[in-house]
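Next come the chains, spelled out residue by residue.
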Amino acid sequence: MATLIRSKLSNKLSNAATAVSNKSQAKVSGMFARMGFQAATDEEALGFAACDDLDYDHRQGMQMDILTSDEMGGEGSGDGGVMEGDSHYQRDGTGPPHSASKDGDPTNELTEVRPKITAWEAGWNVTNAIQGMFVLGLPYAILHGGYLGLFLIIFAAVVCCYTGKILISCLYEEDEDGQLVRVRDSYVDIANACCAPRFPALGGHVVNVAQIIELVMTCILYVVVSGNLMYNSFPNMPISQKSWAIIATAALLPCAFLKNLKAVSKFSLLCTLAHFVINVLVIAYCLSRARDWAWDKVKFYIDVKKFPISIGIIVFSYTSQIFLPSLEGNMQKPSEFHCMMNWTHIAACILKGLFALVAYLTWADETKEVITDNLPPTMRAVVNLFLVSKALLSYPLPFFAAVEVLEKTFFQDGGRAFFPDCYGGDGRLKSWGLTLRCSLVVFTLLMAIYVPHFALLMGLTGSLTGAGLCFLLPSLFHLKLLWRKLQWHQVFFDVAIFVIGGICSISGFIHSMEGLIEAFRYNIED
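Residues numbered from 1 in each chain as written. Predicted model: local features only at pLDDT ≥ 70, side-chain atom pairs only at ≥ 80, totals over all residues. Heavy atoms only, no water.

1. Description of helix 16 (residues 396–410)
The condition that has to hold: Helix and strand labels come from DSSP, where a helix needs a run of H or I of at least four residues and a strand needs a run of E of at least two; each type is numbered from the N terminus. What a helix should span is 1.5 Å times the count of its residues minus one. Burial status follows relative accessibility: with a 1.4 Å probe on protein chains alone, a residue under 20% of its type maximum counts as buried, one over 50% as exposed, and anything between as partly exposed.
Compared with an ideal rise of 1.5 Å per residue, which puts 15 residues at 21 Å, helix 16 spans 21 Å between its outermost C-alpha atoms and is within 8% of the ideal. For helix 16, the buried fraction is high: 11 of the 15 residues fall into the buried class. Within the sequence span of helix 16, burial applies to Pro396, Pro398, Phe399, Phe400, Ala401, Ala402, Val403, Glu404, Val405, Leu406 and Glu407.

2. Here we look at the packing of aromatic side chains
For any pair of aromatic rings, the description consists of the separation of the ring centres together with the inter-plane angle of the planes. In plain terms, the rule: Side-chain rings of Phe, Tyr and Trp (the six-membered ring for Trp) are treated as a pair once their centres are within 6.5 Å; stacked means planes under 30 degrees apart, edge-to-face means over 60, and tilted covers the remaining angles.
Per the stated rule, a full pass over the model turns up 9 aromatic pairs. A ring pair is formed by tyrosine 187 and phenylalanine 477, whose centres lie 6.2 Å apart and whose planes are at 80°; its orientation type is edge-to-face. Here phenylalanine 477 lies in helix 18 (residues 454–481) and tyrosine 187 lies in helix 7 (residues 187–195), a separation of 290 residues in the sequence. The same class applies to tyrosine 187 and to phenylalanine 477, which are both buried.

3. So, the packing of helix 6 (residues 147–169) against helix 12 (residues 307–316)
Here is the rule we go by: Axes here refer to lines fitted to C-alpha atoms; in helices the fit is confined to the stretch in contact. Angles between the N-to-C directions go from 0 to 180 degrees. Put simply, a crossing is left-handed when the front helix is turned counterclockwise from the back one by less than a right angle, and right-handed when it is turned clockwise. The contact criterion used is simple: two residues touch if any of their non-hydrogen atoms lie within 4.5 Å. Classes in brief: Ala, Val, Leu, Ile, Met, Phe, Trp, Tyr, Cys and Pro nonpolar; Asp, Glu, Lys and Arg charged; the others, Gly included, polar.
Here helix 6 crosses helix 12 at 35°, and the two axes come no closer than 10 Å. Note on packing geometry: the crossing formed by helix 6 with helix 12 is right-handed. Seen from helix 6, the contacting residues are Leu148, Gly149, Leu152, Ile153 and Ala156; seen from helix 12, they are Phe307, Ile311 and Ile314. Counted by class, the contact of helix 6 with helix 12 contains 7 nonpolar, 1 polar and no charged residues.

4. Re a nonpolar patch on the surface
Counted only if it meets this: Every patch collects residues that have over 30% relative accessible area and no salt bridge, joining them within 9 Å if they carry like charges and within 5 Å if they are nonpolar side chains (Val, Leu, Ile, Met, Phe, Trp, Tyr). Here the Shrake-Rupley method, with its probe set to 1.4 Å, supplies the accessible areas, and only the displayed protein chains count as covering residues. Definition used for salt bridges: Asp or Glu carboxyl oxygen within 4 Å of a side-chain nitrogen of Lys or Arg.
On the surface, Val209, Ile213, Leu464, Ile506, Phe509 and Ile510 cluster together into a nonpolar patch covering about 490 Å² of accessible area. Broken down by element, the residue count for the nonpolar patch peaks at 3 residues, all from helix 19 (residues 488–525). The topology assignment puts isoleucine 510 in helix 19.

5. Points about helix 18
Just so we agree on the cut-off: Across the chain, bend at a residue is computed as the angle between axes fitted to the seven residues ending at that point and the seven starting from it.
Across its 28 residues, helix 18 extends 38 Å between first and last C-alpha, which sits within 8% of the 40 Å expected from 1.5 Å per residue. Taken as a whole, helix 18 carries its principal kink of about 50° at glycine 468. Among the 28 residues of helix 18, 25 are classified as buried, and the element is accordingly described as predominantly covered.

In structure tokens:
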């Protein structure tokens, strides 16, 4: 009898707790809807956390503490506790700890606090993103734009710095006390908030598609530049550029078996330092020929047919917006983010402008798509071998990122996935998961073979996804989410950036596609 009474009381308490939980969640959902975005479920929160970046091993990603309550108070107060299933993103590791288990086990009290990064470390990450080996194409942009190309390098730095800042401002909302609270954690969160409540997932899909395109195109560019560099380093060898691309891809096939980037990340610092040394060597060689610089070749003119491609090249060299929300959320002092953006983009602007101008003055009209191809044979072979090594070691990062997004979108999205999970219960990669990865490697090879034009591919990527992610979407999201709080000059800047970015994106995309179609036809006929 006592057992029956306890059972009935337990059922009543459970029903009451469930009712309180449902009411509380309804209130929270209503509050979030009034603020312009939707409260994330467990499934959505995991998607949000993973869609922007990869894993903690190679991105120093945001800290996400999922706080759950194993038991609720019996006094009907669901207000003070954290309901099961709610996800709370803690930026500093503070906040309510995990509730203790019924057994009093203290091991569940706190989640592990991941280390934060300083402003200098964050700046180093941004510098790596905007000072990569793709600056080798900037002198070619000056070839078709003259002084206007130099101005565009400065303009792109200013605009990308500004849009990076306003993108981060879209992560915050004011609470009842007027304090800024970080309510979003990724680029996808911002996009979904702008499209809510009618199309709550549309913005995230758009950002994910743009991200996949940019990552895959980056992989293709690494294969193209590897084949190009090897062919020009050893022109006397009976191996074509396409054959070198195939050899490079064969070396990249093990990427299909990657589960994490721990092994590759160890080489990232060495690759960056090697690239810095290469830039110094190129500039030193150019300075040694300063007496022969062709100042008269730099003019205020543009090649109407090819300059739009140069715009895409310059914009692509500054793309880092996708990683900024995660980076800012992981900083020890997020208030230093704006200062970090200022000095990183100023430094990038100065270095890119000097590198592009000095290299173009040295070779003038003979400037090639990849500037190291202009170096003397012996020096070119040494420098290009370092660059090929850097390209091959840099390939796994965008490749792994693209695979992560594809797997989480089509294979791991719970009941909404189009295909079964790529991994078995033991964590092993299944056959269709391996097929997906191998197919992606082969696709990058085919594109590199049929369109082996570094500048055209880089211009297309910059015009299509670079301008969209760096110019169009941040300004649009800023206007949508913070319209009532913006001053007139901020509105003017946002509208101007959106219009200019749209024009540059459309014109660059059209001219790049024309060049790519022509090159593709030529390679098919050949």
